[in-house]
Amino acid sequence: ALLEAEWVTGLAKQDPLLQGSVPFAPRERGEYSRIFLEKLLQLGPLIKGVRRLLQALPPEFALQSSFIRGVQLLPEYNLSFDLCIKHWHLGAVLELVHRCPHTVFILDHIAKPDIKSHTLSPWREQMQALAAFPNVICKISGVTTEADHDHWTVADIRPYILHTLDCFGEDRVLFGSDWPVVLEASTYARWVAALDEITVGASPAALTRLWSTNARRAYRL
């Protein structure tokens, strides 16, 4: 994991467009994870937050006392935590966020709802509950890959995006490309065009926040 973070840091020295990195960092080691975080931060100010992929793990993994403690430590290092989950993890994540009130969470891919089956509940209600925590920000990304890869339409993804925008408000949402994974279901240009179409009625200020300033603030760019 440190080698990957070092590689990204090296790329940033060659390309000024790379202004931040959110590398893997095991949180389930509790207090012992301080050692990893300290080594990670030695790589420089490019490290803005950390992630631990939970989407392939059982929901109860995030409720281990050691994992919760590892996430609680992050504010001490001025690091946020990216939540990489599936919709069935939301119940556990609600408890995790409740237990970590000082940690900034960035929910990736609107929690990957079951768009292909056009299922809204209980994702819809749990997203509303999660948005009630002021320390949670939501990334509008990874949507087309949860729809039918070959036949998705803007109408398929619209209710999920609009509900997320309604729950989190214009100050706590940010665009994410999910590139290159997005290519499984869409070109990058088509995903951008779809989000443009869905948000056509938003104010210029709200769109600036969605596409730019919220990400800059959340990741301290």
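Scroll up to find the structure this text is about.
We now turn to the structure provided with this report. Note that the coordinates shown come from a computational prediction; the quantities given were computed from them, not determined experimentally. (Residues numbered from 1 in each chain as written. Predicted model: local features only at pLDDT ≥ 70, side-chain atom pairs only at ≥ 80, totals over all residues. Heavy atoms only, no water.)

### Examining the side chain of N135
Heads up, the condition is: Strands are runs of DSSP state E lasting at least 2 residues, helices are runs of H or I lasting at least 4, and numbering of each runs from the N terminus. For the purposes of these results, a polar contact is taken to be a pair of N or O atoms within 3.5 Å, where, inside protein, one atom must be able to donate a hydrogen and its partner to accept one; residues adjacent in sequence count only when each atom of the pair is a side-chain atom. For this analysis, residues touch if any pair of their heavy atoms sits within 4.5 Å.
Tracing the backbone shows N135 in the loop between α5 (123-131) and β4 (136-140). A polar side-chain atom of N135 sits 3.3 Å from the main-chain carbonyl oxygen of C100. Within polar-contact distance, the side chain of N135 engages the backbone oxygen of T103 at 2.8 Å. Setting aside anything within four residues of it in sequence, one finds N135 in contact with V97, C100, P101, T103, V104 and F105.

### Points about the environment of L210
For clarity, the threshold we go by: Relative accessibility decides the category of a residue: with a 1.4 Å probe and only protein chains considered, values under 20% of the type maximum give buried, values over 50% give exposed, and everything between is partly exposed.
Among the structural elements, L210 can be located in helix α8 (residues 204-218). With relative accessibility at 5%, the residue L210 sits in the buried group. Placed 34 residues apart in sequence, L210 and G176 show a C-alpha to C-alpha distance of 9.5 Å. Once residues lying within four places of it in the same chain are set aside, the contact partners of L210 are I140, V173, L174, F175, L195 and T199.

### Things to note about unusual backbone geometry
Residue S121 is joined to P122 through a cis peptide bond whose omega torsion reads 5°. Of the consecutive residues W179 and P180, the connecting peptide bond is found in the cis state with omega at 10°. Within the fold, P180 resides in the loop between β5 (173-175) and α7 (188-198). Notably, N78 is not glycine yet its phi reads approximately 55°, a positive angle. Despite not being glycine, I110 shows a phi value in the positive range, around 45°. With respect to the helices and strands, the residue I110 is situated in the loop between β3 (105-107) and α5. Taking relative accessible area as the criterion, I110 reaches 0% and is therefore assigned buried.

### Some points on the state of the cysteines
Note the threshold: Our working definition of a disulfide is a cysteine sulfur pair at a distance within 2.5 Å.
Within this structure, the stated rule accounts for zero disulfides. Here C100 stays unpaired: no disulfide links it, and the sulfur of C84, its closest cysteine neighbor, is 16 Å away. A relative accessible area of 1% means that C100 is categorised as buried. The thiol of C138 is unpaired, and the distance to the nearest cysteine sulfur, on C167, comes to 8.9 Å.

### A word on the environment of T208
Tracing the chain through its elements places T208 in helix α8. For the pair T208 and L174, spaced 34 residues apart in the sequence, the C-alpha separation amounts to 9.6 Å.

### What to know about α8
Applicable threshold: In this analysis, the expected span of each helix is defined as 1.5 Å times one less than the number of residues it contains. Two axes enter the bend calculation: one fitted to the seven residues ending at the residue in question, the other to the seven starting there, and the bend is the angle between them.
Taking 1.5 Å per residue as the helical rise, α8 with its 15 residues ought to reach 21 Å, and the 20 Å between its terminal C-alpha atoms agrees with that figure. By the largest-angle criterion, L210 marks the main kink of α8, which is about 55°. R220 occupies a position one or two residues after α8 and carries a positive phi of about 55°.

Any functional reading would require information that these geometric values do not contain.
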